[in-house]
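Here are the chains, one letter per residue:
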Amino acid sequence: MEEYKIFLPEGEIPTHWYNVLPDLPSPPPPYLHPITLEPMGPDDLAPVFPMELIKQEVSRERWIEIPEEVREVYKLWRPTPLYRARRWEKALDTPARIYYKWEGVSPPGSHKPNTAVAQAYYNKMEGQTRLTTETGAGQWGSALAFGCALFGLELKVYMVRISYEQKPYRRIMMETWGAEVVPSPSQDTEAGRRILAQDPETSGSLGIAISEAMEDAVTTEGTKYSLGSVVNHVLMHQTVVGLETKKQLEMAGDYPDILVGCVGGGSNFAGFFLPFIKEKIDGTKPNLRIVCAESMACPSLTKGLYAYDWGDTGKMGPVAKMHTLGHTFIPAPIHAGGLRYHGMAPIICALYDQKLIEAVAFYQNSVFEAAVHFAQAEGFLAAPESAHAIKAVMDEALRCKESGEEKVIVLAFSGHGHFDLAAYEAYLASQLEDYEYPGEKVKEALKDLPKVAV
Ligand SMILES: *Cc1c(COP(=O)(O)O)cnc(C)c1O
């Protein structure tokens, strides 16, 4: 019997996160203070983040234990299944063996709760009662709302105004988990009021929302701020994805030739590939390819500069060395809200700079074409972000068809697109442009029928 899914029992949820820092040939350079531009120390970060996460950010321990309470919550949806995409392989007529690690089974529908739950836990343990964060498309806000609900923390989410208006269902999801959600810019912060005074009609941006959430955290008792991607500790929390995938591939008797994922800030894909990369660095698996798929609308790796830049438009957060399009860059309003960040995780950037990983960028229409092809074979509707990775896998699989190579391609499938159906609708409508509307054909088909007065 052909297997479609490879499951791990709950007892196989990883007990430790993997920290890649001690295994990197050359780790990313330190963060700089946003005002002094001097290397930042733990004390500089303490007003914003809990101590345990600051320690994890710079830790040189290869394995960091996942607290029992966090693993207990992970049990709600982890371990996640690894699928063999047998139907899609047939549809593509490729000799490649394609697998996908499916993170869409989490309650918020993506990989993001892997870190949200951990961050909520550490804040709770250190006596915080409330968190703040920003959200663009709403994926991160909903993941943190879920995490805060389970550990009894209050949460305020500054949601970029345009998304707040266009994506009411993500907002309702956050409110159901007990979070307070306001459109950003808001009247609730200095930063928000300043922007609104200049431009009351502004649709907002992630950079402004970050500034509001940070200001709220540093000025409110018992409150810290929480980040959903980019920084080292977030990438590390996501390694549960890759650690499980490794075991599941062993069970299937396969080892990957190509790992593929989408990158916005870089957390889901790094969490997926980092547990494999040591074997490439130490020469055990020199031919393993790792392919980052990004949006042509925000191509930080393929078109950005590798330089120190601010992480946010308001210049409140750390300055990091990364591939960046500049902290003032405002990407086109593509549907993949999670791929619209101007920078990239410093760990991913260091690996890209050392040519240990590759990157490709795609236009929006080509990724939806691939996602629809995938959905018609495998059933799952990908998040617009994940659709970029699906497109990259499709290209590799079609190359295998030409060369006849039976490569093993493994996709980091970061989330479902059930709240992004407007994006599918727009794509499907765009495909109708060349379509001959039935008007003339209907007349033709009806021409022999008697005309009746209506
Ligand atoms: C947020 C998000 C991304 C992009 O963020 P990364 O940190 O690059 O992983 C990708 N896919 C989904 C489904 C997301 O919600």
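Residues numbered from 1 in each chain as written. Predicted model: local features only at pLDDT ≥ 70, side-chain atom pairs only at ≥ 80, totals over all residues. Heavy atoms only, no water.

On to the overall build of the protein chain. Assigned secondary structure in the protein chain consists of 19 helices and 15 strands. Whereas a compact globule of 454 residues would reach a radius of gyration of roughly 22 Å, the protein chain reaches 23 Å, a difference of no more than 12%. Across its three principal directions, the C-alpha atoms of the protein chain cover 80 × 60 × 40 Å. A burial count over the protein chain gives 59% of its 454 residues as buried. Of the accessible surface of the protein chain, which amounts to about 19300 Å², a share of 54% is contributed by carbon and sulfur atoms. Counting 43 positive and 59 negative side-chain charges, the protein chain places the averaged centre of each group 3 Å from the other. (Helix = DSSP H or I, 4+ residues; strand = E, 2+ residues; numbered from the N terminus. Rg over C-alpha atoms; globule rule 2.2 N^0.38 Å. Buried < 20%, exposed > 50% of the residue type's maximum accessible area, 1.4 Å probe, protein only. Areas by Shrake-Rupley, 256 points an atom, 1.4 Å probe, with all protein chains shown as cover. Lys, Arg positive; Asp, Glu negative; His and termini not counted. Charge placed at Lys NZ, Arg CZ, Asp CG, Glu CD.)

Now for the site of the ligand. Taken together, 17 residues form the shell around the ligand, and within it Lys112, Ser229, Gly264, Ser267 and Ser414 come nearest. Ser229 places a polar side-chain atom, nitrogen or oxygen, 2.5 Å from an oxygen atom of the ligand. Side-chain polar atom of Asn268 to an oxygen atom of the ligand: 2.7 Å apart, as the coordinates give it. Relative to its unbound accessible area of 380 Å², the ligand is 97% covered by the protein chains. At a threshold of 2 Å from the grid points, most atoms of the ligand map onto the largest cavity. A per-class count over the shell around the ligand returns 3 nonpolar, 12 polar and 2 charged. When residues of the shell around the ligand are assigned to domains, at least three fall in each of domain 1 (5–13 + 67–109 + 233–413) and domain 2 (110–232). (Near = heavy atom within 4 Å. Polar contact = N/O pair within 3.5 Å; in protein donor to acceptor, adjacent residues only side chain to side chain. 1 Å grid on protein atoms, 1.4 Å probe; cavity = no way out; pocket = protein on both sides within 12 Å on 5 of 7 lines; lining within 4 Å. Sits in = over half its atoms within 2 Å of the grid points. Nonpolar A, V, L, I, M, F, W, Y, C, P; charged D, E, K, R; others polar. Domains from an automatic or database assignment.)

Moving on, we come to the sheet that holds strand 11 (residues 289–295). Read across the sheet, 7 strands follow the order 1-4-5-15-10-11-14 without closing on themselves; strand pairing throughout is mixed. Of all strands in the sheet, those with a lone pairing partner are strand 1 (5–6) and strand 14 (358–362), marking the two edges. Two strands pair when backbone bridges link them, and strand 4 (residues 82–84) and strand 5 (residues 97–102) are joined in this way by 3 bridges, in the antiparallel orientation. If you follow Tyr83 over to strand 5, its bridge partner there is Tyr100. Seen against the sheet, helix 16 (residues 364–378) touches strand 4, strand 5, strand 14 and strand 15 (408–413) and runs at an angle of roughly 95 degrees to strand 14. (Pairing = 2+ DSSP bridges. Contact = heavy atoms within 4.5 Å. Axes fitted to C-alpha atoms, helices over the stretch in contact; angles between N-to-C directions.)

Attention shifts here to the pattern of salt bridges. Summed over the entire model, instances satisfying the criterion amount to 26 salt bridges. Glu406 serves as the salt-bridge partner of Arg97, at 3.8 Å between the closest nitrogen and oxygen. Pair noted here: Arg97 is in strand 5 and Glu406 is in the loop between helix 17 (384–403) and strand 15, with a separation of 309 residues, a long-range link. Owing to a relative accessible area of 22%, Arg97 belongs among the partly exposed residues under this scheme. The partner of Glu279 in a salt bridge is Lys246, and the shortest N-O contact between them spans 2.7 Å. Of the two residues, Glu279 is situated in helix 13 (residues 267–281) and Lys246 in helix 12 (residues 239–252); the sequence distance between them amounts to 33 residues. One network of salt bridges, in which partners are shared, links Arg78, Lys101, Glu103 and Glu244. (Salt bridge = Lys/Arg side-chain N within 4 Å of Asp/Glu carboxyl O.)

On to the nonpolar core, then. Grouped together as the largest cluster of nonpolar side chains are 90 residues, with contacts concentrated most on Trp17, Phe273 and Ile348. Split by domain, this core shows at least three residues from each of two domains, domain 1 (5–13 + 67–109 + 233–413) and domain 2 (110–232). Ala85, Leu92, Ala377 and Ala423 belong to the second largest nonpolar core, which has 40 residues in total. (Core = buried A, V, L, I, M, F, W, Y, C linked by side-chain atoms within 4.5 Å.)

Where helix 5 (residues 113–125) contacts helix 6 (residues 139–151), the axes come no closer than 8 Å and their chain directions differ by 40 degrees. With respect to helix 6, the axis of helix 5 lies oblique. Helix-helix and strand crossings are classified by hand; for helix 5 and helix 6 the assignment is right-handed. For the pair helix 5 and helix 6, the contacting residues are Pro113, Thr115, Ala116, Val117, Gln119, Ala120, Tyr121 and Lys124 in the first and Trp140, Ala143, Leu144, Phe146, Gly147, Cys148 and Phe151 in the second. Looking at the contact of helix 5 with helix 6, its residues break down into 11 nonpolar, 3 polar and 1 charged. (Parallel < 35°, antiparallel > 145°, perpendicular 65-115°, else oblique. Left-handed = near helix turned anticlockwise from the far one by under 90°.)

This part covers the packing of aromatic side chains. All chains considered together, the criterion is met by 22 aromatic pairs. Plain terms: the ring middles of Trp77 and Phe146 are 5.8 Å apart, the flat faces sit at 65 degrees to each other, and that makes the pair edge-to-face. You can see Trp77 sitting in the loop between helix 3 (68–74) and strand 4 and its partner Phe146 sitting in helix 6, a full 69 residues away along the chain. Of the two residues examined, Trp77 and Phe146, each falls in the buried class. An angle of 65 degrees between the planes, with centres 5.4 Å apart, marks the rings of Tyr121 and Tyr122 as edge-to-face. Its relative accessible area of 9% is what places Tyr121 among the buried residues. Residue Tyr122 is classed as buried on the basis of its relative accessible area, which comes to 8%. (Phe/Tyr/Trp six-rings, centres within 6.5 Å; stacked < 30°, edge-to-face > 60°.)

A separate point is the pairing of strand 10 (residues 258–262). Judged by how many residues are buried, strand 10 sits mostly within the fold: 5 of 5 residues are covered. Burial along strand 10 is two-sided: Ile258, Val260 and Cys262 and Leu259 and Gly261, pointing in opposite directions, are all buried. Looking at chain direction, strand 10 and strand 11 are connected through 5 bridges and run parallel. Each bridged residue has a counterpart across the sheet, and for Gly261 the counterpart in strand 11 is Cys292. In the classification by handedness, the crossover that spans strand 10, the intervening helix 13 and the parallel strand 11 is right-handed. As paired strands, strand 10 and strand 15 are joined by 3 bridges and run parallel to one another. (Right-handed = clockwise from strand over helix to strand, strands pointing away.)

Attention now goes to the pairing of strand 13 (residues 319–324). Here strand 13 lies mainly inside the structure; 5 of its 6 residues are buried. Looking at chain direction, strand 12 (residues 305–310) and strand 13 are connected through 6 bridges and run antiparallel. Counterpart to Ala307 in the pairing with strand 13 is Met322.

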